[in-house]
Amino acid sequence: MRQLEKAKISRSFKLNKIEKLKELKNPIEAYNKLEEYAKNGYKSIPKEDKGFFLKCFGIFDKPATPNQFMMRLRIRGGQLNYDQALAVGEIAREFCKDYMDLTTRAQIELRYIRVEDLPTIIKKLESVGLSAYQTGVDNFRGIVADPLDSLGYDNILPSDNLLKKIEDKFLKNPEFLGTLPRKFNTSITGSISNRCNAFGHDCCFVLAQKEGLYGYNLYLGGKVGKIAQNADIFLRSESEAVSAYEAIMKLFIKYGFRDNRNKNRFYFLIESVGMETITDAIRKEAGINFQTAGITLTKMDFVDSDQGKTMLKDGTFALHSVVMAGVFSGSDMIKAANVCKRYGSGSLSIDIEQNLYLLNIKKDNIDNTLKESYFNKHKSLASPYANHLIACAGLEHCQFGVIPNKPDAIELTKYLEEKVPLGNDAKIRLYWSACVKGCGLHDLGDVGFEGCKVKFNDQNEYGVHIFLGGKNTRDATIAKSILKSVPLRFAKYFVESLMLEYKRMREKRETFEHFYSRIINDYSKAGIGFMLMILTYIRVLKLDIEIGFKKDIKTGKNEIFEIFEIGRALYKSIAKREPYEVYNHFTPTFPRKLDKLKNIQGYDKVFTQMINDMLRAEKRVEVFSEFHFQEIVFDILSTISK
C-alpha cells in the first residue's frame, strides 16, 4: 500500500472544483428535495444540485434543452421485462416528447423532462423495479453484460445473479454514492462471444476457466483509448467477484487521484504504480489470496445481428432489431414489448450497439413476428452499414458534442447503402463519437469518427477525425487516426473510397475487420490516409487511372517506400509504362533518367508534379508532409457537395 499512498500524495496538491463541491453536502440531500423543486419550479434548484448532486441520481440538467432534464436509466444488464418496457415507453410518450436514446452502455436516456414531472416519473420507474440511481458523475455506473446472458447457447456462466449481488451491495449505499474520484464503468460476461465490449471498462469480469472450474478473469483499466489489461486474478465464485469488486472500489476511493479530472480515472492509478501493485493491494484489501488468472474464454466476435436472429438454449429465438444510432421512441418501445409478448416472453434486451433483441420468440412464430409493422421501421436484418451503427448523443443533447452526430451517422449510412451496396455476408462497424470523450466508441470501430471543428476557406465548420482498425474481441485494438480534421460534409467521399476497396478486394463472407488486417494494416497511417485522398480525387474527377490498396505490398509500413510504390502505380497507369527500367526494394537501380509527367488535361498540375516527386529520392520525403494535395481534394469536394 506504500506505493499507492506515495502516488496519491504526489497528486494531492490541489483538489479539483468537483471535489470541493462534494464538501458542501451529501448528494442524498439534493435527491430528497426533488418534491420541493417540482413544486417550486426549475429556478428553485441550486446551481450545485443541477451541476453535480442530481447527476448522482441520473438526473442531468441539459443546456442544449434549457430548463429540461435528461434521465439516464439503470437497466440491469440491458434487460427489460415486459412491465418495465411498457413503463419506460409510457413515460417517454407522456413526458419526453415520445423520444428516447438507447446507449452504448445498454441503458436508456429519457429527454425533455420538466422538473415538475420528475417525482411522477421516479415513482413509476420504481413501481417496476427501475431507477436512475448512480448513473452519472463519480459513481459506479450501470453495469454492462451480455444481452443474451443465461439465454444464449454460448453463455456458459450466467452472470445476472452476480450483477444483482453487486448492485445490492453498492447501489444506494451512502459509502459509494458520489464518493469515487471519477466515474467507474464495469462489465460482466460469462459468454464466449463478446457482445458487451467486455474489455473496454475500468473493471471487467470476463469468462475464464482454470483447473476445470468456470469463473472470471479480472481485467482493469479500460477507458476511451485504452483496453483493460489482465490483472492476473481468477475469481472462482460470485462471492469472490463481489469481494474483489469491493476491494477495488475502496482502493479507488482511498487512493484515487482527485486533482485533474481528465486524469483521474482508475487507469491513471494503475499507470502510476503498475498492475502488480494494484493486484497485491486488491488481495490485501479483500483478505483473499485470489488465484492467478485462468484461460480467458471470451474471444469471439458476436454474429447474431448479422443473421437477424439467433437460437437460444430453450429452442426459442432472439430476434434482432436495428435501432439506427439508438434513436428510439416510447411508442416503438411499447410496440416492441407487445409484439414480443404476443409471440415470445415479452422481455427485451438492449445491446451496446444501441439495438434491441426481442426474446424467446418461438420458431413457428418468427415469420408472423417479422410481419408486424414494428419491423418495417426497425428491421431484424438491415444493411451491413446499419446493423452495427453506433452514434452518441451529439450537440443537440450533449453540452460536449461538437457535431450533430446522430443525423450525420444516419446520413452516411444511407449514402453508403446507395453508393456501395454490400451483400448480407459483409460486416462493417461504423462508430461515431461527437467529441473526444468517445461515448460512441469510435476508437473500437472498424471505421470511427470523432467530431471536431475545422477551418476551411477561412470558415469554421463541423469536422471529423477518421479512425480505422478498432477491434473489440479478445485481441482488442484501439483504432488509429488516418485522416485528421476532415470537413464533415466531405467525410462520406473518403469512406466511400474505402468501402469500394473493401468491396473490390474482399473475400467471400469477409468482415471489414478481417479485410483491414489482411490488406489495409500493411500500410502506415500516413499511407492509408494518402491512398484514400488519391482514390477520392480520381473517382470524383472520373479519371482513367487504376490504383488501389494491394495485397502483400511488403513496404513494411515505411512511408518512403509507400510513396514510391504509390507513385510508381500512378505513373504506370497514366504513362502506360514503368517510370524506371529496374528498381530494387522500392529504389531505382541503374535507372534511366525519369521522364517526368507533364501537365495532363483533367489533372491538376500539383497532382502531376506530386507524382514526379514521389518517384525522385530527393523529393519523396516531402510528399506526406505537404498539404497542397489535400487542399486540392477538399476544394474539388466543396464544389460537388454544394
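Here is what the cut-offs are and how they apply
- Residues numbered from 1 in each chain as written.
- Predicted model: local features only at pLDDT ≥ 70, side-chain atom pairs only at ≥ 80, totals over all residues.
- Heavy atoms only, no water.
- Pairing = 2+ DSSP bridges.
- Helix = DSSP H or I, 4+ residues; strand = E, 2+ residues; numbered from the N terminus.
- Buried < 20%, exposed > 50% of the residue type's maximum accessible area, 1.4 Å probe, protein only.
- Phe/Tyr/Trp six-rings, centres within 6.5 Å; stacked < 30°, edge-to-face > 60°.
- Lys NZ or Arg CZ within 6 Å of the ring centre and 35° of its normal.
- Contact = heavy atoms within 4.5 Å.
- Axes fitted to C-alpha atoms, helices over the stretch in contact; angles between N-to-C directions.
- Salt bridge = Lys/Arg side-chain N within 4 Å of Asp/Glu carboxyl O.

**Re the sheet that holds strand β21 (residues 480-487)**
Logical step 1: Here five strands make up an open sheet; going across it, the order is β17-β18-β19-β20-β21 and the pairing mixed. Two strands close off the open sheet at either side, each with one partner strand: β17 (390-391) and β21.
Logical step 2: Note that strand β19 (residues 447-456) and strand β20 (residues 459-468) share 10 bridges and pair antiparallel. Across the sheet, Val 447 pairs through a bridge with Leu 468, a residue of β20.

**Observations concerning the pairing of strand β13 (residues 317-321)**
Logical step 1: Extensive coverage of β13 is indicated by the burial of five of its five residues.
Logical step 2: Going residue by residue along β13, you find Phe 317, Leu 319 and Ser 321 tucked away on one face and Ala 318 and His 320 tucked away on the opposite face as well.
Logical step 3: Judged from the three bridges that link them, strand β12 (residues 309-311) and β13 form a sheet pairing that is antiparallel. Opposite Met 311, over in β13, you have Phe 317 as the bridge partner.
Logical step 4: Taking the residues between adjacent antiparallel strands as the criterion, β12 and β13 are bridged by five residues, where Gly 315 takes a positive phi near 90°.

**Observations regarding the packing of aromatic side chains**
Logical step 1: Evaluated as defined, the whole model comprises 36 aromatic pairs.
Logical step 2: Considering the side-chain rings of Phe 561 and Phe 586, the 5.4 Å spacing of their centres and the 25° angle between planes classify their relative orientation as stacked. With Phe 561 in helix α21 (residues 559-575) and Phe 586 in the loop between β22 (583-584) and β23 (587-588), the pair connects residues that are 25 residues apart, well separated along the chain. Across this residue pair, the class does not change: Phe 561 and Phe 586 are buried.
Logical step 3: One aromatic cluster is present, formed by Phe 140, Phe 170, Phe 176, Phe 184, Phe 205, Tyr 216, Tyr 245, Phe 252 and Phe 266 through successive ring pairs.
Logical step 4: Cation over ring: Arg 74 sits above Phe 140, and NZ or CZ is 4.4 Å from the ring centre.
Logical step 5: Sitting over the face of the ring of Phe 400, Lys 437 holds its NZ or CZ atom 4.5 Å from the ring centroid.

**Details of the sheet that holds strand β15 (residues 348-350)**
Logical step 1: In spatial order, the strands read β3-β15-β16-β13-β12; together these five strands make up an open sheet with antiparallel pairing. Of all strands in the sheet, those with a lone pairing partner are β3 (79-80) and β12, marking the two edges.
Logical step 2: Helix α13 (residues 330-343) contacts β3, β15 and β16 (356-361) of the sheet and is inclined by roughly 20° relative to β16.

**Regarding the pattern of salt bridges**
Logical step 1: Scanning all chains against the criterion turns up 42 salt bridges.
Logical step 2: Between Arg 195 and Asp 304 there is a salt bridge, with its nearest N and O atoms 2.6 Å apart. With a gap of 109 residues between them, Arg 195 in the loop between β7 (186-189) and β8 (203-210) and Asp 304 in helix α12 (residues 304-307) connect regions that are remote in the sequence.
Logical step 3: Overall, the relative accessible area of 5% leaves Arg 195 in the buried class.

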